[in-house]
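Read off the chains here:
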Amino acid sequence: DKPTYILAIESSCDDTSASVMCNAKVLSNVVANQEVHSKYGGVVPELASRAHQQNIVPVVQQALAQAKITKNDLSAIAFTKGPGLMGSLLVGTSFAKSMALGLNIPLLDVNHMQAHILAHFIDEEGSKKPNFPFICLTISGGHTQIVKVSNYFDMEILGETIDDAVGEAFDKSAKILGLPYPGGPLIDKYAQLGNPKAYSFTKPKVGDLDFSFSGLKTGILYFIQKQQRINPNFIEENLNDICASIQHTIVEILMDKLKNAVKQTGIKEIAIAGGVSANSEIRKRLINAEKHFGWPTYIPKFEYTTDNAAMIGITGYLKYISNMHADINVTAKARLKV
Ligand code: KG4
Ligand code: ZN
């Protein structure tokens, strides 16, 4: 049989990415990060969409070149329909639509949150795939969800954040500490050298499988302000311990909820997905959970954690083989449930 080549495009937030898949295998996965936002402490939507416009053509060309194919070899085009920033989504959506029209090949619309989860089904040497049904903790800059995954496109949200996402908790804490955006990876880096028990922060009390992170952020802000009044060099002198303690608190909150989810559903197959699943402590804790609680755990390869087009490509491929093509009139959606 002739292999299926899919070009996938991701532009939901601040990364422009294109990937070429050959069936479920990744041939290329090019990501252009946008540096413009770092000094603003967060993503500026207008700057993001302008940068996508500048990046999209070279990123797609690079993805095709690295895969050693031309656009005429493509079987279909996949793109992120949502959720995300409208101006950013529109760049990828219109690009994908016009390319599919021009080549007269099917268009595949992909839900970004489903794609984070389905990245586990990318065919890779040595990777193990979760068995249905499994529980996925999806943790990113915009979302924090516990999802029951019964099949590729049969997902149910069992719990989610009632305010900030966990990535925001990392990024806003980093901002309080004077670190640039996105601060999550920096907190992770400094935390490796610090004592996670140095400081303690109150964990939120929120029902069932839901999350809340805005109170934690305020608690951290007040704590830092108080310490800085006593010692103006408090942050510099204790950065590693502060980061380790913040990270430890956040990961404890996530692990507590996962334990509840297993108890409630009886499902022990546990996956993590999304940008925050790049975090070294959550990865370590999940590996330990496999040993200590007997959960089969699934941790995505590092390059498939933060936003990337390969996850859009595998989701597009799974839709393609089920004939779930999009209509050419499909539109971007800023809000979209899994
Ligand atoms: O999935 P993603 O790339 O974009 C969204 O869809 O939101 O997630 C980005 C988030 C940011 O908040 C970033 O700080 C966080 O993931 N992140 C991390 C780490 N790497 C990325 N948070 C903690 N530790 C990390 N190593
Ligand atoms: Zn994402």
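All figures in this text were calculated on a predicted structure; none of them were measured in a lab.

Undergrad: Is there a simple way to think about the UniProt feature "binding site: Fe cation" (unreviewed entry) in the chain in this case?
TA: The residues that UniProt annotates with the feature "binding site: Fe cation" (unreviewed entry) are His-112, His-116 and Asp-307. Across 196 residues in sequence, these annotated residues keep their C-alpha atoms within 8.9 Å of one another, forming a single compact spot. Looking at His-116, the number of C-beta atoms within 10 Å reads 32, which means it is buried. Aside from chain neighbours lying at most four places away, what touches His-116 is Thr-138, Ser-140, Ala-273, Gly-274 and Met-311. Along the polypeptide, Asp-307 turns up in the loop between strand 10 (297-298) and helix 9 (310-320). Discounting chain neighbours no more than four positions away, the residues touching Asp-307 are Glu-10, Ser-12, Cys-13, Asp-15, Ser-17 and Gly-275.

Undergrad: Which parts of the structure should I look at to understand the nonpolar core?
TA: Across soluble globular proteins, nonpolar side chains show a tendency to be buried alongside one another. Core analysis: the biggest nonpolar cluster contains 87 residues, and Leu-7 and Ile-77 have the highest contact counts within it. Among the elements that take part in this core, helix 7 (residues 234-265) stands out by supplying 10 residues, more than any other. Each of two domains, domain 1 (5-119 + 305-320) and domain 2 (129-300), supplies a minimum of three residues to this core. Excluding its chain neighbours within four sequence positions, the residues that come into contact with Leu-7 are Ala-18, Val-20, Val-60, Ala-63, Leu-74 and Ile-77. Counting 7 residues, the second largest nonpolar core, distinct from the first, contains Val-43, Ala-51, Leu-89 and Ala-332.

Undergrad: Would you mind showing me how to read the pairing of strand 2 (residues 15-22) here?
TA: Two faces, one strand: in a regular strand the side chains alternate between the faces of the sheet. Extensive coverage of strand 2 is indicated by the burial of 7 of its 8 residues. Pairing geometry for strand 1 (residues 5-10) and strand 2, over 6 bridges, is antiparallel. Along strand 2, the bridge assignment pairs Glu-10 with Ser-17. Here strand 1 folds back onto strand 2 in antiparallel fashion, the turn holding 4 residues. Pairing geometry for strand 2 and strand 3 (residues 25-33), over 8 bridges, is antiparallel. By the bridge assignment, Ser-17 is partnered in strand 3 with Val-31.

Undergrad: I tried to follow the sheet that holds strand 7 (residues 144-151) on my own but got confused; where do I start?
TA: Hydrogen bonds between backbone groups are what pair the strands of a sheet, and the pairing can be parallel or antiparallel. Strand order in this open sheet of 5 strands is 8-7-6-9-10, and the pairing throughout is mixed. Among the strands making up the open sheet, the edge pair consists of strand 8 (154-160) and strand 10. As paired strands, strand 6 (residues 134-139) and strand 7 are joined by 6 bridges and run antiparallel to one another. Within the sheet, the bridge partner assigned to Ile-135 lies in strand 7 and is Lys-148.

Thresholds applied
- Throughout this description, residue numbers start from 1 for each chain and increase along the sequence as written.
- Written order determines the labels here, with chains lettered from A and ligands numbered from 1.
- Selection of residues for local features in this predicted model requires a pLDDT of at least 70, selection of side-chain atom pairs for listing and counting requires 80 or more, and totals for whole chains, interfaces and linings are taken over all residues.
- UniProt positions are given in the numbering used here, feature names are shortened, and annotations may be inferred rather than shown by experiment.
- Burial is judged by counting the other C-beta atoms within 10 Å of a residue's own C-beta: 20 or more makes it buried, 12 or fewer makes it exposed, and any count in between marks it as partly exposed, with every C-beta position built from the backbone.
- Here, residue contact means that the backbone-derived C-beta atoms of the two residues sit within 7 Å.
- What counts as a helix is a DSSP run of H or I of at least four residues, what counts as a strand is a run of E of at least two, and both are numbered from the N terminus.
- Here, a nonpolar core denotes buried Ala, Val, Leu, Ile, Met, Phe, Trp, Tyr and Cys residues that are linked to one another through C-beta atoms within 7 Å.
- A domain assignment, automatic or from a database, supplies the domain bounds used here.
- Any two strands with at least two DSSP bridges between them are considered paired.

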